Amino acid sequence: MKDEKPRVLLFTGSGKGKTTAALGMAIRASGHGMKVSIVSSSKSGSKTGEVAAVRYLPGVELIQTGLGFVLPEDGPAFFQHREAAQRGLQLAEEVIRSGLIDLVILDEICNAVALKLLSEEGVIAVLRQAGPRQIIVLTGRDAPESFVALADTVTVMEAHKHALASGRPAQKGVEY
């Protein structure tokens, strides 16, 4: 059976594990000799476990354009966050349009839309450029209904309990 459209997966919800699930797919794809690009237009920092691990995965690249924690929309740095997210989306578009990458992960893209750093329409326009054999993964909280409708597979991570809520600090290997 020949696929006529790209495969789109969405990992969303309030629970933990959205990026982790996407990274699991990156590991799996790398193991099959596929080329993977992870584009994060909101996260930043080189001290996370995923940044360190990706260096060891053949055929996997991580592109970070984000500036970290997004300040309120009326804050002075919001414009810089928006520019960083738009730069990330532009790079994702280049990766997708090249047709050279099998799996493209748009990490925290849903958050970027929910925080008004990117428009739904702009993201969907980029997704529509994917080739028939490409796999696109979207992650982040607050996925818009348009992303749900577009996706072939939607997984909603639901938080029932989280250590951070009880005052336990973020832990290396768990949260970062």
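You'll find the structure just up there.
What counts and how
- Residues numbered from 1 in each chain as written.
- Predicted model: local features only at pLDDT ≥ 70, side-chain atom pairs only at ≥ 80, totals over all residues.
- Heavy atoms only, no water.
- Pairing = 2+ DSSP bridges.
- Helix = DSSP H or I, 4+ residues; strand = E, 2+ residues; numbered from the N terminus.
- Axes fitted to C-alpha atoms, helices over the stretch in contact; angles between N-to-C directions.
- Parallel < 35°, antiparallel > 145°, perpendicular 65-115°, else oblique.
- Left-handed = near helix turned anticlockwise from the far one by under 90°.
- Contact = heavy atoms within 4.5 Å.
- Nonpolar A, V, L, I, M, F, W, Y, C, P; charged D, E, K, R; others polar.

Visitor: Would you mind going over the sheet that holds strand E3 (residues 60-64) with me for this structure?
Guide: Where strands meet in a sheet, backbone hydrogen bonds hold them as pairs that are either parallel or antiparallel. Reading across from one edge, E3-E2-E4-E5-E1-E6 is the order of the six strands in this open sheet, with parallel pairing throughout. Of all strands in the sheet, those with a lone pairing partner are E3 and strand E6 (153-156), marking the two edges. Adjacent strand axes in the sheet meet at a mean angle of 15 degrees, parallel and antiparallel pairs treated alike. Pairing of strand E1 (residues 7-12) with strand E5 (residues 135-139) involves five bridges; the strand directions are parallel. Bridging across to E5, Phe11 finds its partner in Thr139.

Visitor: Any chance you could explain the packing of helix H3 (residues 78-98) against helix H5 (residues 120-127) here in plain terms?
Guide: A pair of packed helices is captured by two measures, namely the crossing angle of their axes and the spacing between those axes. The contact between H3 and H5 brings their axes to 9 Å, and the two run at 15 degrees. Here H3 lies roughly parallel to H5, going by the angle between them. Relative to H5, H3 is oriented so that their crossing is left-handed. Along the contact surface, H3 presents Leu89, Glu93 and Ile96, while H5 presents Gly122, Val123 and Val126. The residue makeup of the contact of H3 with H5, split by class, is four nonpolar, one polar and one charged.

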